[in-house]
Every structure is written in C-alpha cells, then in structure tokens.
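Coordinate inspection notes
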Amino acid sequence: MSTGNGADSAPGQTSTPALPKTAPSRSSMFGSLRIRNYRLFAIGQLVSNTGTWMQRIAQDWLVLALTGSASAVGITIALQFLPMMLLGLYGGVLADRLPKRPLLVATQSAMGLTGIALAALTLTGQVQVWHVYLTAFLLGLVTVVDNPARQSFVSEMVGPEQLANAVSLNSANFQSARLVGPAVAGILITAVGSGWAFLLNGLSFLAPVTGLLLMRAHELHRAAPAPRAKGQLREGLRYVSGRPELIWPIVLVGFIGTFGFNFPIWLTAFVDDVFHGDAGTYGLFNTLLAVGSLAGALLAARRGPARLRLLVAAAVAFAVLEIAGAFAPGFWLFAALMVPIGMFGLTVNVVANSSVQMATDPEMRGRVMALYMMVFTGGTPLGAPLVGWVTDHFGARVGMAAGGAVSLAAAVTIGLVLARVGDLHVRVSRRGVAFVPNRQRELVRVA
C-alpha cells in the first residue's frame, strides 16, 4: 500500500500537509477487535501491560527507597531508554527485514526474563541500585527491536482500513492496564514489597507470547521483508526528511517525550516532598493519569483519522495543563488535573503515531516507526537526568513547570512551521484558534 508520494509533500510545496484518506472519518470504536489475530494480540498485551505498569511503579519506588533521590529515578529511566536513542534505527532495520511474529515472540520472552531476574534479586534481599540500573538497560536493549516490530505488526494484523482504529485501541489497552497496574503495585509494595510486582510482571509476558503463537498466519497482511542492503538507515532518514507530514509530528513528540512526559520523576517528588504521601498516593496519581489517558484513547478510536492541527492543539493543551498542575495549591486540585493532562498527553501520542503510520509506505514502516520511537522515548536519557536535577535542586513544582514550558514552546513553534509549510495563517475568533488557508484571506479582501 502506498499512501503518498514523497515528492508531493516536500517542504517546498505550498499544499497543506494532510493525511491520506484511507478510512472514513468515523469508525466503530472497537472495530479492530472483530479481527481474531488482533483480538489475541490485544488480550495478551492487556495482561503484559498491566504487569509492565506494576513494574514501573515498583521500580521507581524501589530506587527512591534505596537512594532517596529523584535524580536516581531519572537515571534509571534514562538507562532504560538510552539504547533506543543509540540503536533505535538499527532496530527498525531488523523489524523491516525479519518476520515480525517470531521476532516478537523472542523479544517478549526476553522482556519477561528481565522482570523475573529483578524479582529474584529483590525477593532474596540482594538488590542494589546498580542491579536496577542494569536490568533497566537490558530491558531497553530488547525494546530497541520490540518497539518498531510491535508498532508495524499492527498493520499486518488489521490491514490499512482499521489501522487508525487499532493504533488508538492499542493506546486504550495500555491505559486500561495503567488503571489496574499502579493500584495493584501500590498494594503489593505496601503489603509484601516490590519483589512480587516484578515477579508478576515477568510472568505476565506468557500471555502475549501465547497469543502470538495462536495467531492464524494466513490471515496476516504481511508486508514484503526489506532485502539486506547497504544504506538502509540513510534511506529511512531521507524518506522522512522530505515529508513534512512525517518529520514535524516526530519532532513534536520528541520534545514532549523528552521534557513533558517525566511523570515518574515529578510524581515521586510531589508525593515525597510536597504532599508527604506514600506508595499508595503515587499509585493514585498514576491511576488518575490513566483515567484521562484511557478517555483520550477511546475518543481517538471513535474519531478515526485525525488532522495535524489536532496534534498541535492537543500538545498546547497538554503543556498548559502541565504548567497549571505544577502550581496547583492543593492535593485534590493537583490530583484532579492529572485526568485532563493524561487525556491530552495521550491524544498527542495517538494522533502522532497513527498519522505517521498511515502516511508511511509498508516497506518503510519499521524504520519510520523506529525513528518515531527513538525520538519519542530516546530523548528520555537526555531529558530525565536534566529534569531530575532541576527537580532535586529547585523543587517538584519548578521541575514540572519547566517541562511544560518546553513542551508549550515546541508545540507553538511547530504549529507555526506547519502553518507556513501549508500556506496557512492563524485566525483567532470566539470559537478558538484555527489555521486557515491564505487563499481564504485573499478572497475576503477581494470581497
């Protein structure tokens, strides 16, 4: 499936960057679940995502308990995403070259083993902070291949007609698990310690592996594997750089992922230093973020394909709400703001992800999604330690506000760039702010 000619969307053109119309503007909210292979995938991911959220909460809290430092939490996050920053494009090349289903069986199994290893260290009382650093780094190495393979495998399960819906449901799946995982992790940490959360996470990967093995191979929409050849990394970069509907969403989520999505650092600091809570409070904040994120994902699944202007608007709203949350004077106002922050943050992720996938040719999708994930999560090794340092030295409120301010500046700047590329101007009215083609302004003048 070809979704567009790169030359037609080069920056020098004056046409509005737009998504190809491969599906109706409205679709059934759960349409992708009618497909058996995707159903198996979704069930397996729901189980393993729940375990992943349990481990995230337990890992952050364990590092804070071992060190008492928000910077140490930031270092852990940075180590987990450092491999993506360094090797992400190579993972995309492998995802384009190799059959994705057996590749995912291998990566999901390896991710389960990292959880079991950390559980063994914690339950035996031998865990030290460098053990957490090491397992986070090993998990990041596996993710280098798993992320682009899993992202691009979605289109093989559902085909182009249901791709946008499936991407949104994947996010809804992840956020549904986020509702359960932090709450269960908070209970486990308080009752029996972090080790059991790590163990359950490791065992949870049995579900996606089983789902992958039970799929009907003949029902997959398989993309032809890319042949081994020189210059495939450069080919992927050239492909993206000439298409504004790809490059600017990737740049935007890069800034927001690097500076705006550092909630493990900020929330642990708010719980510990501002509200003087415990693991249960931390779990509550993450659950409220998940409620908003789930709502955003389900709205995206029902809305269908979205325009880039929605991406910019959601990014601006996310950043403004994050700044407002940083200076919320009371506990319950701060907690309540987690819901819309989660909703708009997830909207940014879903719209950017689905727009990039739908605008990419199948034979390039692994490399493009690897670049997307490398920019979105690979910036964390740079952003997390910096945000952790700011949070440690100036407080949780300043740290969170700084992340929101960078995200806001990026959203406004990229919105203006897209307007210029598309020959648009900004129109402010009682209905809000909108980008309007310049030819409409000329018509008004003539009239």
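Just above sits the structure.
**With respect to helix H6 (residues 195-204)**
By the burial criterion, the buried members of H6 are Gly-195, Ala-197, Phe-198, Asn-201, Gly-202 and Ser-204. Lining the buried residues of H6 we find helix H1 (36-67), helix H3 (100-123), helix H5 (163-191) and helix H7 (206-214).

**Considerations on unusual backbone geometry**
The phi torsion at His-276 lies on the positive side, around 55°, for a residue other than glycine. Mapped onto the elements of the fold, His-276 is located in the loop between helix H10 (263-274) and helix H11 (279-303). For His-276, a relative accessible area of 62% corresponds to the exposed category.

**Side note on the nonpolar core**
Among the nonpolar cores identified, the biggest contains 79 residues, and Phe-334, Ile-341 and Met-400 are the most heavily contacted of them. Looking at this core, the element that brings in the most residues is helix H13 (residues 331-358), giving nine residues. Not counting residues within four places of it along the chain, the set of residues in contact with Phe-334 comprises Leu-267, Phe-270, Phe-275, Phe-285, Gly-325, Ala-328 and Met-400.

**Let's talk about the side chain of Thr-135**
Within the secondary structure layout, Thr-135 lies in helix H4 (residues 129-158). Thr-135 sits in the buried class, given a relative accessible area of 10%. Among the polar contacts listed, one links the side chain of Thr-135 to the backbone oxygen of Val-132, at a separation of 3.1 Å. Among residues more than four places away in sequence, those in contact with Thr-135 are Thr-114 and Leu-118.

**Structural notes on the environment of Gly-193**
Summarising the element assignment, Gly-193 is placed in the loop between H5 and H6. Counting along the chain gives 71 residues from Gly-193 to Thr-122, while the straight-line C-alpha distance between them is 8.6 Å.

**Comments concerning the environment of Met-400**
With respect to the secondary-structure elements, Met-400 resides in helix H16 (residues 396-421). Accessibility expressed as a relative area gives 0% for Met-400, which makes it buried. Residues within four places of Met-400 in sequence aside, it is in contact with Phe-263, Trp-266, Phe-270, Glu-322, Gly-325, Ala-326, Phe-334, Met-338 and Ile-341.

**Some remarks on a nonpolar patch on the surface**
Side chains of Leu-86, Leu-87, Tyr-90, Trp-130, Leu-134, Leu-138 and Leu-141 sit close together on the surface and give an oily, nonpolar patch of about 670 Å² of accessible area. Of all elements in the fold, only helix H2 (70-97) and H4 reach the threshold of two or more residues within the nonpolar patch. Looking at where Leu-86 falls in the secondary structure, it is placed in helix H2. Judged by its relative accessible area of 54%, Leu-86 falls in the exposed class.

**A word on the packing of H3 against H4**
Interhelical geometry of H3 versus H4 gives an angle of 155° and a closest axis separation of 9 Å. Comparing the axis directions of H3 and H4 gives the class roughly antiparallel. The chirality of how H3 crosses H4 is left-handed. Here the residues of the contact of H3 with H4 are counted per class, giving 12 nonpolar, seven polar and five charged.

**Overview of the packing of H1 against H6**
Relative orientation of the contacting elements H1 and H6 amounts to 155°, with a least axis distance of 8 Å. Looking at the two axes, H1 sits roughly antiparallel to H6. Viewed along their axes, H1 and H6 form a crossing whose handedness is left-handed. The segment H1 lies against H6, with Val-47, Ser-48, Gly-51, Thr-52, Met-54, Gln-55, Ala-58, Gln-59 and Leu-62 engaging Ala-197, Phe-198, Leu-200, Asn-201 and Ser-204. Grouping the amino acids of the contact of H1 with H6 by side-chain chemistry returns seven nonpolar, seven polar and no charged.

**Here we look at the packing of aromatic side chains**
For any two aromatic rings, the description comes down to two numbers: the centre-to-centre distance and the angle of the planes. In total, this model carries 16 aromatic pairs according to the counting rule given. Judged by centre distance (5.1 Å) and plane angle (75°), the ring pair of Phe-285 and Phe-334 falls under edge-to-face. Of this pair, Phe-285 sits in helix H11 while Phe-334 sits in helix H13, and the two are 49 residues apart along the sequence. Phe-285 sits in the buried class, given a relative accessible area of 0%. What links up through ring pairs into an aromatic cluster is the set Phe-270, Phe-275, Phe-285, Phe-331, Trp-332 and Phe-334. One Lys or Arg, Arg-56, reaches over the ring of Trp-53 and ends 4.7 Å from the middle of that ring.

Conventions we followed
- Counting restarts for each chain: residues are numbered from 1 in the order of the written sequence.
- Where totals are concerned, whole chains, interfaces and linings use all residues; where local detail is concerned, this predicted model gives features only for residues with pLDDT of at least 70, and gives and counts side-chain atom pairs only at 80 or more.
- Each side-chain value is derived from all of the structure's non-hydrogen atoms; neither hydrogens nor water enter the calculation.
- Exposure classes here rest on a 1.4 Å probe applied to the protein chains alone. A residue is buried below 20% of its type maximum, exposed above 50%, and partly exposed in between.
- Helix numbering and strand numbering both begin at the N terminus, where a helix is a DSSP run of H or I of at least 4 residues and a strand a DSSP run of E of at least 2.
- Here a residue-residue contact requires only that any non-hydrogen atoms of the pair lie within 4.5 Å.
- To form a nonpolar core, buried Ala, Val, Leu, Ile, Met, Phe, Trp, Tyr and Cys residues must be joined to one another through side-chain atoms within 4.5 Å.
- Any N or O atom pair separated by 3.5 Å or less is treated as a polar contact, with the protein-specific requirement of one donor-capable and one acceptor-capable atom, and with residues adjacent in sequence counted only for side-chain atom pairs.
- Without a salt bridge and with relative accessible area above 30%, a residue can belong to a patch; like charges are then joined within 9 Å and nonpolar side chains (Val, Leu, Ile, Met, Phe, Trp, Tyr) within 5 Å.
- Each accessible area is a Shrake-Rupley estimate made with a 1.4 Å probe; only the visible protein chains count as cover when residues are assessed.
- Each salt bridge in this description consists of a side-chain nitrogen of Lys or Arg and a carboxyl oxygen of Asp or Glu lying within 4 Å of one another.
- All axes here are fitted lines through C-alpha atoms, helices being fitted over the stretch that makes contact, and every angle between N-to-C directions spans 0 to 180 degrees.
- Here the angle decides the label: under 35 degrees means roughly parallel, over 145 means roughly antiparallel, 65 to 115 means roughly perpendicular, and every other value means oblique.
- Each helix crossing is assigned a hand: it is left-handed if the near helix lies turned anticlockwise from the far helix by less than a right angle, otherwise right-handed if that turn is clockwise.
- Under the convention adopted here, Pro, Cys and the residues Ala, Val, Leu, Ile, Met, Phe, Trp and Tyr are nonpolar, Asp, Glu, Lys and Arg are charged, and Gly plus all remaining residues are polar.
- Between 30 and 60 degrees the pair is tilted, below 30 it is stacked and above 60 it is edge-to-face, where a pair is any two Phe, Tyr or Trp rings, Trp via its six-membered ring, whose centres lie within 6.5 Å.
- For a Lys NZ or an Arg CZ to count as sitting over a ring, it must be within 6 Å of the ring centre and within 35 degrees of the ring normal.

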